[in-house]
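# Coordinate analysis (summary)
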Amino acid sequence: MDPHESFRAQLEALRDSGIRIDRHGQFWHNGQTVAHQGLRQALFTWLDRMPPPDGRYILRLDDIRYAFIDVEDTPLVANTLRLQTRGNVCEAWLSLSDGTEERLEPQALAIDDQGTMRVGVRQGKLQARLSTAAASALAVYLEGTNGIWTLTLPGQAPIRLGS
């Protein structure tokens, strides 16, 4: 084996963190949840994704220092949704499992064949699955025909969702 190839293989093995995120957005390590709030917040801060075509989820400190993590569904969960009206504009805001809030970008929202809603967050780098509560709050503004979904927020024109 080429020495450079051997080094890359060793580095790849070292980058396997053993950390995973379950379907509910909870961090796990060695079979136990990561309970320390400060560590959880740091992990959420470092959460990133390798660029295509790799696309694996990572915890990134910088361009050189990162570790791979396993993600059961999406790395983030949108736990709640709230509507906010400013003048004539109604916006939907998502409260994410990392403690942040992001405005829902309808074009980044997709609904799969099972009805699960996922949306791009953090400028499209990561995905968040809408919890049952958030999806239920949004469902009253959705209309679907033949797999094509539109979102019509109060006072807004219908917006076709991403696929």
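Right, let's walk through the structure included here. Please read these numbers as outputs of a predicted model, since none were measured by experiment.

Moving on, we get to the environment of I21. With respect to the element layout, I21 can be found in strand β1 (residues 16-21). Sequence separation of I21 and E143 is 122 residues, and the distance between their C-alpha atoms is 31 Å. In this view, I21 contacts Q26, F27, L47, I69, D70, V71, E72, T74 and P75; residues no more than four positions away in its chain are not counted.

This paragraph deals with the environment of E12. Here E12 lies in helix α1 (residues 3-14). Between the alpha carbons of E12 and Y57 there is a distance of 14 Å; along the sequence they are 45 residues apart. Look past the residues within four positions of E12 in its chain and what remains in contact with it is R56 and F68.

Another aspect to go through is the pattern of salt bridges. With the rule as written, the count across this model stands at 14 salt bridges. For R23, the salt bridge is made with D73, and the minimal N-O distance between the two is 3.5 Å. Of this pair, R23 sits in the loop between β1 and β2 (27-29) while D73 sits in the loop between β6 (66-71) and β7 (76-86); the two residues are 50 residues apart in sequence, bridging distant segments of the chain. Its relative accessible area of 32% is what places R23 among the partly exposed residues. With relative accessibility at 21%, the residue D73 sits in the partly exposed group.

Looking now at the side chain of T116. Within the secondary structure layout, T116 lies in the loop between β10 (109-111) and β11 (117-121). Residue classification places T116 among the buried positions, given a relative accessible area of 17%. The residues touching T116, leaving out its near neighbours within four places in the chain, are A110, I111 and R129.

Among the nonpolar cores identified, the biggest contains 33 residues, and L130 and L138 are the most heavily contacted of them. The element that contributes the greatest number of residues to this core is strand β8 (residues 89-96), accounting for four residues.

Bringing the packing of aromatic side chains into the picture now. This structure, assessed with the given rule, holds two aromatic pairs. Where F27 meets F44, the ring centres are 4.8 Å apart and the plane angle is 70°; that geometry is what we call edge-to-face. Highlighted residues: F27 in strand β2 and F44 in helix α2 (residues 37-46), separated in sequence by 17 residues. With a centroid separation of 5.8 Å and 80° between ring planes, the pair formed by Y66 and F68 is classed as edge-to-face. Note on accessibility: Y66 and F68 belong to one class, buried. Over the face of the ring belonging to F68 we find R56, whose NZ or CZ atom lies 3.8 Å from the ring centre.

Rules and cut-offs
- Residues numbered from 1 in each chain as written.
- Predicted model: local features only at pLDDT ≥ 70, side-chain atom pairs only at ≥ 80, totals over all residues.
- Heavy atoms only, no water.
- Helix = DSSP H or I, 4+ residues; strand = E, 2+ residues; numbered from the N terminus.
- Contact = heavy atoms within 4.5 Å.
- Salt bridge = Lys/Arg side-chain N within 4 Å of Asp/Glu carboxyl O.
- Buried < 20%, exposed > 50% of the residue type's maximum accessible area, 1.4 Å probe, protein only.
- Core = buried A, V, L, I, M, F, W, Y, C linked by side-chain atoms within 4.5 Å.
- Phe/Tyr/Trp six-rings, centres within 6.5 Å; stacked < 30°, edge-to-face > 60°.
- Lys NZ or Arg CZ within 6 Å of the ring centre and 35° of its normal.

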